[in-house]
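Structural overview
Residues per chain, in single letters:
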Amino acid sequence: MGDDSEWMKLPIDQKCEHKLWKARLNGYEEALKLFQKIDDEKSPEWSKYLGLIKKFVTDSNAVAQLKGLEAALAYVENAHVAGKTTGEVASGVVNKVFNQPKARAKELGEDICLMYIEIEKGEAIQEELLKGLDNKNPKIIVACIETLRKALSEFGSKIISLKPIIKVLPKLFESREKAVRDEAKLLAVEIYRWIRDALRPPLQNINSVQLKELEEEWIKVSSAAPKQTRFLRSQQELKAKFEQQQGLGGDADGGDDDEEEAVPQVDAYELLEAVEILSKLPKDFYEKIEAKKWQERKEALEAVELLVKNPKLESGDYADLVKALKKVVGKDTNVMLVALAAKCLAGLATGLRKKFGQYAGHVVPTILEKFKEKKPQVVQALQEAIDAIFLTTTLQNISEDILAVMDNKNPTIKQQTSLFIARSFRHCTPSTLPKSLLKPFCAALLKHINDSAPEVRDAGFEALGTALKVAGEKAVNPFLADVDKLKLDRIKECAEKVELVYGKKAGGAAEKKEGKPVAGKTAVLPGPAGDKETKDAVTKPGPLKKPSAVKAGAPPKKGKPATAAGTGGAGAKGKKGPETKEIFESELSIEVCEEKAAAVLPASCIQQLDSGNWKERLACMEEFQKAVELMERSEMPCQALVRMLAKKPGWKETNFQVMQMKLHIVALIAQKGNFSKTSAQVVLDGLVDKVGDVKCGTNAKEAMTAIAEACQLPWTAEQLVAMAFSQKNPKNQSETLNWLANAIKEFGFSGLNVKAFISNVKTALAATNPAVRTSAITLLGVMYLYVGPSLRMFFEDEKPALLSQIDAEFEKMQGQTAPAPTRGISRHSVGGVDDGEEEEQEEVGNDVVDLLPRTDIGDKITAELVSKIGDKNWKIRKEGLDEVTSIINEAKFIQPNIGELPAALKGRLNDSNKILVQQTLSILQQLATAMGPNIKLYVKNLGIPVITVLGDSKNNVRAAALATVNAWAEQTGMKEWLEGEDLSEELKKENPFLRQELLGWLAEKLPALRSVPSDLLLCVPHLYSCLEDRNGDVRKKAQDALPFFMMHLGFEKMAKATGKLKPTSKDQVLAMLEKAKANMPAKPAPPAKASSRVVGGAAPAKFQPASAFADDLGSNTIESKPDLKKVKVGGLSSKTKGVQGKKVLSKPNLKEDDDKSGPIFIIVPNGKEQRMKEEKALKVLKWNFTTPRDEYIEQLKTQMSTCVAKWLQDEMFHADFQHHNKALTVMIEHLESEKDGVISCLDLILKWLTLRFFDTNTSVLMKTLEYLKLLFNLLSQEEYHLTENEASSFIPYLILKVGEPKDVIRKDVRAILNRMCLIYPASKMFPFIMEGTKSKNSKQRAECLEELGCLVESYGMNVCQPTPGKALKEMATHIGDRDNTVRNAALNTIVTVYNVHGDQVFKLIGNLSEKDMSMLEERIKRSAKRPSSAPVRQAEEKPQRTQSINANASMMRKGQAEDMSSKLNQNRNVGSHSETTHTVPREFQLDLDEIENDNGTVRCEMPALVQHKLDDIFEPVLIPEPKIRAVSPHFDDMHSNTASTINFVISQVASGDINTSIQALTQLFQIESLAREASTGVLKDLMHGLITLMLDSRVEDLEEGEQVIRSVNLLVVKVLEKSDQTNILSALLVLLQDSLLATANLEVAPKFSELVMKCLWRMVRLLPETINSINLDRILLDIHIFMKVFPKEKLKQCKSEFPIRTLKTLLHTLCKLKGPKILDHLTMIDNKNESELEAHLCRVMKHSMDQTGKADKDTEKGASRIEEKASKAKVNDILAEIFKKIGSKENTKEGLAELYEYKKKYSDADIEPFLKNSSQFFQSYVERGLRLIETEREGKGRIATSTGISPQVEGTCVPVSTHTVSSSIGNTNGEEVGPSVYLERLKILRQRCGLDNAKQEDRPPLTSLLSKPTLPTVASSTDMLHSKLSQLRESREQYQHLDLDSNQTHSSGIGTTLASPSSAAANIDDLKKRLERIKSSRK
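Residues numbered from 1 in each chain as written. Predicted model: local features only at pLDDT ≥ 70, side-chain atom pairs only at ≥ 80, totals over all residues. Heavy atoms only, no water.

Thoughts on the overall build of the protein
Counting its regular elements, the protein contains 104 helices and zero strands. For the protein, the proportion of its 1979 residues judged to be buried stands at 55%. Long-range contacts, defined here as pairs at least 24 residues apart, represent 76% of the contacts in the protein between residues at least 6 apart. As displayed, the protein offers around 85300 Å² of accessible surface, 53% of which is attributable to carbon and sulfur atoms. (Helix = DSSP H or I, 4+ residues; strand = E, 2+ residues; numbered from the N terminus. Buried < 20%, exposed > 50% of the residue type's maximum accessible area, 1.4 Å probe, protein only. Contact = heavy atoms within 4.5 Å. Areas by Shrake-Rupley, 256 points an atom, 1.4 Å probe, with all protein chains shown as cover.)

Structure follows, in structure tokens:
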């Protein structure tokens, strides 16, 4: 037992493999328990046993094997991976289990097999079982047969495919073993249960005794349809349904539906093996068949007859054989041979089925002609032949041939043709027998029923009866309008006798026509009646969805004008019962009419009708009209009434009033009565006569319209136009045409006979009267809307002048949609919607094409021509082809009869001379256009060979072939191509070119189809082999086509088809199928009637461009998406379309209506992060390539599939660039609305855009750049920062484009690079651009170098990565470049660096060659001389910008002065140029203590600090030569949009020329939207500047001084009116407050304040209009602050009483306008007690209420008392609030200011407790902040040192428009200052603006420039700018410490005011030291 215990310890899986059987037995038992225990089918446990299961079943020990089988069964049932073991386990079961003697083992083996089938592995099992049938051991064979039988019985014939089983059955019946034969018999009986008689033919040849036994067994089989009793895992719903029925005990219908399909699906033909007979033909067959002796011919035919007896024939080229047989039938004199040849043809047709279809067209006319033979045996043979042939094609295809024979003089031919038609109709269904077919057939048959020969009449009746039975009365009745009652009864009688062949064969035929299996229909609609009812039910939605659908049966389009009530289709008007008859009322005699009229009209009326006195006639008409108005419809005798009106004087009435009334009555009768065509005939002539009349014309037209509505437009219009042109009056002609043009718009186009009109239009075009010609052209324009471009074909032979007019009219109509019909929705027909609508839709399409006069060129295709085309000499062949071209060109439109041409051309398609192949292809293309839809007859024998040419090795030949195939497909639709095995045969050829072209073509065509022939399945195995083709392109095309195949065939069928593949291939293909399943487009809606109703309602829908469809659907479109798809279908799928119909529609409808609602970018949570992880982990390819390879594109496509709308993705990855443009347009449209989506997919979008950079098409590139500009604008607004991943996969490719040869593109790319810096740090951009300088493209090198220069100029040296030294060395190498532009760019860049960085540059550059160095030095020298050198540019331009309007970022919202380089320069400038300011530059305002203590604990990037040479501060400043330049030097590169215009204007504001400046400002304030952008700070500065300028006495001394003042005055008015009213009011209040303070200190002349107040008065006057747009809370806050600074007492002390009056007026006006509500607007004021505002408002309110007018002094005192008591309780809250603000990032400055105010007010307040809890850093920060504010506010009186101007001065005193004069008038000592001071100041200002007037030594002492700064209540524009810049800088470099920086830039402006020179110097030294320390600690 020792051994035992050893294995007992092993794990289960090892036991199962043990060499001891006991161990294995134990293992199997435990495994069985384990398998039953595991719940999770996906548990990893299962995988352990994958390799062992085969051993379970093949165990050599019988006992163990039994247990193993049980365990294996449990495994297969429960494990999800079990499928992988199918092959090996099944073969083990077959070979090692089925031969076991134990029955239990065999049972378990069978169960395992069935379980595998249940888990969807049926095919593999079946394969193994069929292999088992070849085993030598009969036991195994019997077990296999039994298993197959069980499987079939349980799973049914749908899952177990019968074909391979039936194939081996006969062999089993021949077995020597009785057991095998018996088992085979049982299997045959089981198969019979499922497919019934289809089993007979394959078993015909077995032993007759066995067959007899079988027959007996078969009779016993119950006739109930068998049911599937066991279900696959994927069929669980069916299973539930089945069990439910079993539970009910009943056999409900539910299960039936599925099975019903299965039963008729099996066709005996499918189960047969095809036989190849062509090679078995006698060698001398073709000679013998031509032999003189009839016996020899007979021998040949008998040989064929024997061969064609095979029930299924292999497809091949039977053309020659058919031709030979056809010749015998047609020409042979021996009737016996004719019969024999007919039998052979019948055999061929039966054996080949659809594959014979291509020859049908050639044979049918010959057989029909041969019916002239009277001999019964011949006739019978011919009948059999033509019936067999009919089943291989469709009625549509051979209808022309049949109709051609119908007029034959020979009665037997007529009789037999009618009988053939009757038999054919029986195979049709309503859908395969549409009106377009019925119409011509009925017309021809009607002649037959009137024939003199009785047999012809009988045959005609039978055919019409059959048609009636198949299509239903509603469809046929319109065509039987003229048949008398007797004949009609006879037809109906025949209809009742007809038996319809609704069997399997019909399925074939029907499928052929519509692609709908009729099988399903059979089940639902057993008889034609049922069919009709269902159809009606389906139709019902029609009228509701689209009114015009109701306009029932279109009257025949080609109805002849002569027959008034001829074949007019008005019968279809949907009236029921007697009404129908009434429409065709017979003509009544005048007596009868008079009687009828007398019954309804007053007697006086009838007497006065022909009175000589017009007044009596008028009275009579009035009575007549009243009578008509009161009559009921049923009582109104229309014909009698109109005949009365037509009675003398009738239409010759001379009085226009009577005539008008008469015409009006006609219209009334037509509207109100049942107006028939007979009645219409009476009046139409008169109407045409009056239509041109000036007075009666409109009434005549109204009557015409009413009649058109009653009798249908097509008939009415035809009558009217014919009448108009039969008379001479041109006015009548032109008006009739005008009426018609309008009527077509109202009624729609359906049913109109274009041909009839065209002949009249041609007459009109040739008319001498211009009005007629114009009307005709207008009519053509309207027709063009419906018919499309093909209309022009009719007029190509007109004179060029006329043709150009017609073209112009068509041009006008292009892009317009035909309006939806508003009339003609016949009021009676709501109930009876016509059946033919969907076909009507096709009709219009075909209409035009059908109407073209087609030439028969058959006789021109002579034998000689054909032999030429086949000649050995290529030149002669070419001649032959040229001849064909000219024949087709001459004929323009041809009939389908082209004789022997197809065979000749087919030969040329594989001509060795490629030029001839191309010529042949172009002939075939031409042929398609010339022949129109009829070209479909030649698809098989000419179209398919063209597909073979797609495999040509020459690109241009392939392209020509593709164009040809497309031209053909456009005419024929796709069904003809997909039917049969031809396409699959082509795909089978292993030619990579052929495969990729063909698959590409299919991928393009399949998505548009509603349904496809089942033969498409034959292509699938070859598609799979293409998926694994050696050629990458073939693989790619196959993958692209996969989803479209799946869309039609379904995943199941496709997956099933993988069964035949090798296991490795199979897994790969299945994976691809899964992937394709996800991308599978929705199938265009099924071709259910309802769907075509929706669209097809109005016939013209065919020509309306897509938008019309969407309109027709109305609300449906939005609610349910499927409808849209239906629409698409309706438009596209009727295959028999005219060419242009297709053109019009296919484009817009294919994709656009897919479903374009919904977002285009779908936000996938964490999608982007996930993608980055994958890329990091190298799970996907890194986006890095020189040119994009397919795998990158595929990868991107896959990644996009989850987050981009399917339709957009199709556009984005389309082969055609126009689709890329479309995609970009859509992306641009959705950019704003889908910000989040765009950002979530940004990495993918940028990658896709990089692919576009590799496109050669400029338009795509331009569009891409346009999108990028908008995208980066958006990202910078959203303050988004590019991730590393996004940047690295995009920037390098963008930089490639900097070197584009086209200027425009380069500019755009540079602009984009500039914008990039807003969303990606410049320092990180630098290396990418640096990389770009290494390019081979010199333009790119130059541009990149320039860009580097700009970066350094804008962001300082720190952007240079990795170190400035390395970067500069790299740049300097380019000084020696061989390309001049690159050299220049390199030099300029280094000069830029020099300008920023000084002489250090030379150290950094390192050693340069002498030549390079001298060039550089020369350049630097020159740049110093040049006025536009960088420092100058900065000094002159940048500071101006700083102060100019655009600098205030809030003005342009995000500061869209996009010149980033200048924008970012401003901040540097402020510090670095002593002539501007000498404050501590903003970059240095860091909390240095904090940073020193920090010791680099926080890892941070150094910000891009500018390297300042601080020593310069003490050197005298050189004032540069002035240079006036309006436009920034970067201007051109930077902008090409609106922003640039604005920037330009802004730059002009800073111009040195006063006029330019004022003009620019006026321009800015002209545009309201821009003016409103100006913030309070800007407006304050601007007004300050303008007023100062107006007051400056020296302006008057200028020559145009007055002019200037006037301009400024106007400008001020503009500013007041156009600015944002809140901002300007606020600015004026602040300005007044400041100026009053200044005046009080005698710094500013009182004049200044006065002007400010005048502005305020003007604003007060404007208040009533503007009050609603004003933010009152802000204004009241400003007034509050004003009143706090200037309490009433203080104001009263002013010399002038204006200030107090101004204030009171303002408040009074506000109170008056707002009433008591004004008190709700004090929300922004924190402590209302600080000023008297509230009290004042209350007073004003009270005063206005009770008008007492007393000043309530107590209130005032009360208010002041309250003020004194600061409520102590609130103190803590207030302080807590303030500290909260200081602690928050945004409000820290405000908080500090408030704290300062608070401390000042309540000096005893204790803020210690609040500071105690905070960090040391915070405490010192607060203290320092307060100190700063104090120095600022207190130190205002003191004069700052001569080292520089304090920033406030810069902010407040220097006006915005830089040319204005400083506002400080007078100095601190209060003495008046002499004019010299002003002069000095003016000089300085002029210098600042670049006006040359002073030498350096004349510079005045700066002291005189200083003035006392005003209270900094509103930050001036400069301050605003700086705070904005600090934000920008923070966001740019993401540098944590800069927060401190911005915190310190508090409201006072920038930096501290330096107290004395020494302290300034000390501060600077201190700063220097600190900076050094920081730097060293960083290293």
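As for the pattern of salt bridges
Counting across every chain of the model gives 72 salt bridges. The residue Arg908 makes a salt bridge to Asp911 at a minimum N-O spacing of 2.6 Å. Judged on exposure class, the residue Arg908 and its partner Asp911 are both buried. Taking the shortest distance from any N to any O, the salt bridge between Arg1306 and Asp1303 comes out at 2.5 Å. Here the residue Arg1306 and the residue Asp1303 both occupy positions in helix H72 (residues 1303–1316), the gap between them amounting to three residues, near one helical turn. The class of Arg1306 is buried, set by a relative accessible area of 12%. Assessed through its relative accessible area of 46%, Asp1303 is described here as partly exposed. Salt bridges here are not isolated pairs; linked through shared partners, they connect Asp1303, Arg1306, Arg1310, Glu1343, Glu1346 and Glu1347. (Salt bridge = Lys/Arg side-chain N within 4 Å of Asp/Glu carboxyl O.)

Describing the environment of Asn397
Counting through the fold element by element, Asn397 comes out in helix H22 (residues 395–406). The exposure class assigned to Asn397 is buried, which follows from its relative accessible area of 18%. Counting along the chain gives 37 residues from Asn397 to Ala360, while the straight-line C-alpha distance between them is 8.7 Å.

Focus on helix H49 (residues 914–931)
In this model, H49 (18 residues) spans 25 Å end to end at C-alpha, consistent with the 26 Å of a helix rising 1.5 Å per residue. Buried within H49 we find Leu916, Val917, Gln919, Thr920, Leu921, Ile923, Leu924, Gln926, Leu927, Ala928, Ala930 and Met931. Elements in contact with the buried residues of H49: helix H47 (874–891), helix H48 (901–908), helix H50 (939–949) and helix H51 (955–972). Between a side-chain oxygen at the N-terminus of H49 and the backbone nitrogen of Ile915 the separation is 2.9 Å; the capping residue is Asn913. At the exit of H49 stands Gly932, carrying a positive phi of roughly 70 degrees. (Expected span 1.5 Å × (residues − 1). Polar contact = N/O pair within 3.5 Å; in protein donor to acceptor, adjacent residues only side chain to side chain.)

Brief notes about the packing of helix H90 (residues 1646–1666) against helix H93 (residues 1698–1714)
Taken N-terminus to C-terminus, the directions of H90 and H93 make an angle of 15 degrees; their axes are 10 Å apart at the nearest point. The angle between H90 and H93 places the two elements in the roughly parallel class. Relative to H93, H90 is oriented so that their crossing is left-handed. Together, Glu1650, Met1653, Leu1656, Trp1657, Val1660, Leu1663 and Pro1664 of H90 and Phe1698, Pro1699, Thr1702, Thr1705, Leu1706, Thr1709, Leu1710 and Leu1713 of H93 make up the contact between the two elements. Looking at the contact of H90 with H93 residue by residue, the class counts come to eleven nonpolar, three polar and one charged. (Axes fitted to C-alpha atoms, helices over the stretch in contact; angles between N-to-C directions. Parallel < 35°, antiparallel > 145°, perpendicular 65-115°, else oblique. Left-handed = near helix turned anticlockwise from the far one by under 90°. Nonpolar A, V, L, I, M, F, W, Y, C, P; charged D, E, K, R; others polar.)

Observations concerning the packing of helix H25 (residues 454–471) against helix H27 (residues 485–497)
Closest axis-to-axis distance for the H25/H27 pair is 7 Å, and the angle between their directions is 65 degrees. With respect to each other, H25 and H27 are oriented roughly perpendicular. Two packed elements cross with a definite hand, and for H25 against H27 that hand is right-handed. Seen from H25, the contacting residues are Asp458, Phe461, Glu462, Leu464, Gly465, Leu468 and Lys469; seen from H27, they are Lys487, Arg490, Ile491, Lys492, Cys494, Ala495 and Glu496. Per-class residue counts for the contact of H25 with H27 are six nonpolar, one polar and seven charged.

Overview of the state of the cysteines
Overall, the coordinates contain zero disulfides when judged by the stated rule. Cys113 provides the cysteine sulfur closest to Cys144, a residue in no disulfide bond, and the two sulfurs are 7.7 Å apart. For Cys144, a relative accessible area of 0% gives the class buried. (Disulfide = S-S within 2.5 Å.)

Thoughts on unusual backbone geometry
The phi angle at Arg353 is positive, at roughly 50 degrees, despite the residue not being glycine. One can find Arg353 in the loop between helix H19 (335–352) and helix H20 (357–370). The exposure class of Arg353 is partly exposed, given its relative accessible area of 28%. Its identity is not glycine, yet Leu1178 carries a phi of approximately 60 degrees, on the positive side. One can find Leu1178 in the loop between helix H63 (1167–1176) and helix H64 (1190–1203). According to the relative accessible area criterion, Leu1178 is exposed, its value standing at 63%.

So, the packing of aromatic side chains
Per the stated rule, a full pass over the model turns up 25 aromatic pairs. An aromatic cluster of three or more residues is present, and its members are Tyr28, Phe35, Trp46, Tyr49, Phe56 and Tyr75. The positively charged end of Lys695 is found above the aromatic ring belonging to Phe656, 4.4 Å away from the centroid. Above the ring of Phe1051, the side-chain terminus of Lys1077 is found at 4.2 Å from the ring centroid. (Phe/Tyr/Trp six-rings, centres within 6.5 Å; stacked < 30°, edge-to-face > 60°. Lys NZ or Arg CZ within 6 Å of the ring centre and 35° of its normal.)

Considering the confidence of the model for the protein
Mean pLDDT over the protein stands at 75; residues scoring 70 or higher make up 76%. Counting contacts from residues 1523–1536, a segment whose pLDDT is below 50, to residues more than four positions away or on other chains yields 41 contacts. Considering only residues more than four positions removed or in separate chains, one finds that residues 1839–1871, a stretch of pLDDT under 50, has 96 contacts. (pLDDT = per-residue confidence, 0-100.)

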